[in-house]
Amino acid sequence: MEENKVQPGLFEKGGKFGFLHSTVDAFDTFLRVPGTVTRKGAHVRDSVDLKRVMILVVIALVPSALFGMWNVGYQHNLATGATTGFWGTFFYGFLKVLPLFIVSYLVGLFIEFAGAQIKGEEVNEGYLVSGFLIPLIVPVDTPLWTLAIAVAFAVLFGKEVFGGTGMNFLNPALLTRAFLFFSYPSKMSGSETWISLGKGQMIDGATGATPLSFIGDGFDALTGASVQYGTSFMDFFLGTIPGSVGETSVVAILIGAVILLWTGVASWKIMCSSVIGALLVGWIGNVCGATDIPAYYHLVLGGFAFGTVFMATDPVTSAQTECGKWIYGFLIGALCVTVRLWNPGYPEGMMLAILLMNTFAPLIDYCVTDSAIRRRAKKVKVA
Amino acid sequence: MSNNIKLRRGLDLPIAGAAAQKVGKVVAADIIALKPTDFKGFAPRLLVREGDKVLAGSPVMADKQSAEILLTAPVSGTVAEIVRGEKRKLLEVRIKADETCEYLDFGAHNAAKMSAADVRDLLCKSGLWAGLIQRPYGILANPAAEPKAIFVSAFSTAPLAADTEFTLRDELQNIQAGVDALAKLTKGGVHFSINAATSSSSPFHKVEHVIMHEVSGKHPAGNVGIQIANIDPIQKGETVWTVSLLLLAAIGRLFNTGKVDLRRKVALTGPEAKDPCYVEALPGTPMKAFAGYYDNSKGDVRFISGDVLSGTCVGEDGSLGFFDDQVTFLHEGTEREILGWAKPFRFNQFSATRTYFSWLCPGKKYNMDTNVHGGPRAFVVSDLYNKVLPIDNFFPVYLIKACLAGDIDKMEKFGIYEVLPEDLALCEFIDPSKNDIQEMIQNGIDLMIKEMA
């Protein structure tokens, strides 16, 4: 009867390399849709799975990434006076940004795979998106070793300790950036980090500050300060200004937003309410004389657009209830502009606004569900 | 007078293999099975032995807790086999059918002139009491209790479900008699929901002595649980009873003729069904009796008694369930598609989301199979589930998580009393994280029964 005994496959549980089950399974299901059939419950299932959802977010991020690469080269050219063609400009940026992607994915995926391996679970696709987001929200000259440490911290302590994708309450990509910002402030802000200059090519008078750093100084300072890098609303909108790799071009972000909204992957309620929140606080700032920058400028400056479209809408860390999404998004927009206008120390508020609201999202949901259930009970009693 | 209920959220699955409105042959099977597992909350005590003669309507099993609840034979014949599973759990009593079915005579009754106790008695003795389902929990109705009201959904929106307006068109008198009988059992009246889309032509418009509702919407608008939640939600401590239109007609038939006659028109449906249509059959008819309507020569057909969302996988050796008037034949989707999730187009796959392009061809019917299309994950996409659950102020993911955590207080708060697994079946269908949501809810309900007993 010996020959009838079914041997477990090489990589199946109980097989020779069974301990690599999760890793092999991840690559296997990456290449081919699993052949598993429904065991209980609904006998047929929708063809959508998390791989599909995640890949759509990555596709939506591609325009921002491509523009970001070109812009890195473009800013370099402006700062150094170099002239290269379109492809040369792009290629310069590509070479600068590629290591960020490699480090982000290598470190993050290694931890994800190791975690899945230890728990004996399937590898979750969540990091496909996080790993793509991280290079886009850091300054291009971020030292790779700091990025590696930050990614490791965010994936381990922001996600894995809570149980992996779906269980985390903070956006891992933003946590990476927050970690960099607080641990290595000198490498993350100021005027030296935003433009890739290359060695020994510093030119007198070249300042790499983002326009956002002048936001506290009023409209004239904002539009007049970095003459070299773009001063008009159109420059901010197109994204030909210094900034984190993927955050500058509102056009590219809007393309991504269209993809996300069209496929229904991201919540339009969060995007919409975040914009409303920002405009409202921006308008209040105008009315009470705190600033003379028109409210709509806030939508195109800094990380607001990128955060609203790709970060705030993260379904895991945002509010889960429909009403909660309106509140959550609104507060993100409002907080972001509040920090920009009334905080003298730090010009950008998007990262902290989203992280703060991440921590408040469960509370918002609690209030929303609680009041909805109470209203429902009251209605039943009346009827 | 009728109340209009418009449900806006939901999803009609575009699955191929709807039954044509024609009745094929009468499927008379040799062996008819009676399965106590069809009845939730029923603990069987056998009343027959192998070799015993039974008539249609003779008691076969009694409930251990309330001995007056009986299951009776759907057909006359000889008890051929008693099938037991693990730990001697009683799975089936197989009855070899006589050539002509003989019925135990309960005598025709006019329900309007009977007392509630007499109605209850007759229903219990005939075995049709087991057709009444109590909510919350979806278990057998307790004969000693009085429900707040009784709810009947006169139509089903489940995928490829039998069209009751076709199958029960000529049973109006029986349905009326059934309504009159059940009306005796509650002071809250019988709520009767008909399909608003076809209400003008619906034969059920004429049913009297009911509180009529016209319900419109996609699936699960036809689910009685969804209707209750939109008519008069169940609160803690309340119970309501539900009965399917199919069994309501059978109850009426008992009162009109004195016979337990469970014959029904069964829809043979699904992508693997050959010439999908209706046949007349008894509950407990083995799947093999439907040979000719399917081709399982490759052994890759799944046999479902019921619909694809909440039906039971019974296998080729299984049989039609007591409550079911539909059989679905599905292809077992074990094929592995290369890079399926990354393809921009998958023309033969349906998705309710816009992540694929199936929304561009709204009229298309799909040959769906049983492939899961992904691996199990934690809940990630949070705003999807409510789109297919037309109950206001209801939070499915919160309820599911409460069930997973076994948190009774939270389960109560998030409405465990109002739903059965079938009501969240669509949530399970669209879930990109591929959780077995119906099982999770059922586990939660089982825990509630245990803790609240």
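Please read all numbers here as calculations on a predicted model, not as lab measurements.

1. Brief notes about the confidence of the model for chain A
Move 1: With 81% of its residues at a pLDDT of 70 or more, chain A shows a mean pLDDT of 82.
Move 2: Under a pLDDT of 50 for its full length, residues 198-208 of chain A has, in the predicted model, 19 contacts with residues more than four places off or in other chains.

2. Observations concerning the domain arrangement of chain B
Move 1: Structurally, chain B comprises domain 1 (2-257), domain 2 (264-342) and domain 3 (372-452).
Move 2: Summarising the inter-unit geometry, the C-alpha centres of domain 2 of chain B and domain 3 of chain B are found 26 Å apart.

3. Section: the sheet that holds strand E7 (residues 70-72) of chain B
Residue and element names in this part refer to chain B.
Move 1: Ordered in space as E4-E6-E7, the three strands form an open sheet in which the pairing is antiparallel. Either end of the sheet is taken by a strand with one partner, and the two such strands are strand E4 (44-46) and E7. Taken pair by pair, the neighbouring strands of this sheet meet at an average axis angle of 30 degrees, ignoring direction.

4. Concerning the domain arrangement of chain A
Interfaces are often sized by the accessible area lost when the parts come together.
Residues and elements named next belong to chain A.
Move 1: Looking at chain A, the domain boundaries give domain 1 (50-263) and domain 2 (266-374).
Move 2: Contact between domain 1 and domain 2 buries roughly 3,200 Å² in total, counting both sides, with carbon and sulfur atoms accounting for 81%.
Move 3: Our count for the domain 1 to domain 2 interface comes out at zero salt bridges.
Move 4: Where domain 1 meets domain 2, there are three residue pairs in polar contact (both at pLDDT 80 or more).
Move 5: Examining the composition of the side of domain 1 that touches domain 2, we find that seven residues originate from one element, helix H6 (residues 172-183), more than from any other.
Move 6: When its residues are assigned to classes, the side of domain 1 that touches domain 2 shows 27 nonpolar, eight polar and two charged.

5. As for the interface of chain A and chain B
Move 1: Across the boundary between the two partners, chain A contributes 55 residues, which contact 71 residues of chain B.
Move 2: Interface area lost by chain A to chain B is led by His43, Arg45 and Arg376 of chain A, which between them contribute 15%.
Move 3: At the boundary of chain A with chain B, the tally comes to six salt bridges.
Move 4: Among the ionic pairs, Asp436 of chain B bridges to Arg45 of chain A, the shortest N-O distance being 3.0 Å.

6. Let's talk about the side chain of Thr353 of chain B
Move 1: One can find Thr353 of chain B in the loop between strand E20 (326-331) and helix H6 (396-405).
Move 2: Among the polar contacts listed, one links the side chain of Thr353 of chain B to the side chain of Ser351 of chain B, at a separation of 2.7 Å.
Move 3: In this view, Thr353 of chain B contacts Asp46 and Val48 of chain A together with Trp359 and Leu384 of chain B; residues no more than four positions away in its chain are not counted.

7. What to know about the layout of surface pockets
Residues and elements named next belong to chain B.
Move 1: Estimated volume of the second largest pocket: approximately 1,000 Å³.
Move 2: The residue makeup of the lining of the second largest pocket, split by class, is 26 nonpolar, twelve polar and eight charged.
Move 3: Viewed by domain, the lining of the second largest pocket spans two of them, domain 1 (2-257) and domain 3 (372-452), each represented by three or more residues.

8. Notes on unusual backbone geometry
All names here are of chain B.
Move 1: With omega at 0 degrees, the peptide bond leading from Arg135 into Pro136 counts as cis.
Move 2: Examined against the element boundaries, Pro136 turns out to sit in the loop between strand E10 (133-135) and strand E11 (139-140).
Move 3: In this structure, Pro220 follows His219 across a cis peptide bond, with omega equal to 10 degrees.
Move 4: Position of Pro220 relative to the elements: it lies in the loop between strand E14 (211-216) and helix H4 (224-231).
Move 5: Positive phi, normally seen in glycine, also occurs at Lys434, with a value near 55 degrees.
Move 6: Residue position: Lys434 is located in the loop between helix H8 (425-430) and helix H9 (437-452).
Move 7: You can call Lys434 buried: its relative accessible area is 6%.

Conventions used here
Residues numbered from 1 in each chain as written. Chains lettered and ligands numbered in written order. Predicted model: local features only at pLDDT ≥ 70, side-chain atom pairs only at ≥ 80, totals over all residues. Heavy atoms only, no water. pLDDT = per-residue confidence, 0-100. Contact = heavy atoms within 4.5 Å. Domains from an automatic or database assignment. Pairing = 2+ DSSP bridges. Helix = DSSP H or I, 4+ residues; strand = E, 2+ residues; numbered from the N terminus. Axes fitted to C-alpha atoms, helices over the stretch in contact; angles between N-to-C directions. Buried area = accessible area lost by both parts, 1.4 Å probe. Salt bridge = Lys/Arg side-chain N within 4 Å of Asp/Glu carboxyl O. Polar contact = N/O pair within 3.5 Å; in protein donor to acceptor, adjacent residues only side chain to side chain. Nonpolar A, V, L, I, M, F, W, Y, C, P; charged D, E, K, R; others polar. 1 Å grid on protein atoms, 1.4 Å probe; cavity = no way out; pocket = protein on both sides within 12 Å on 5 of 7 lines; lining within 4 Å. Points joined across faces, edges and corners; volume = space filled by probe spheres on them. Buried < 20%, exposed > 50% of the residue type's maximum accessible area, 1.4 Å probe, protein only.

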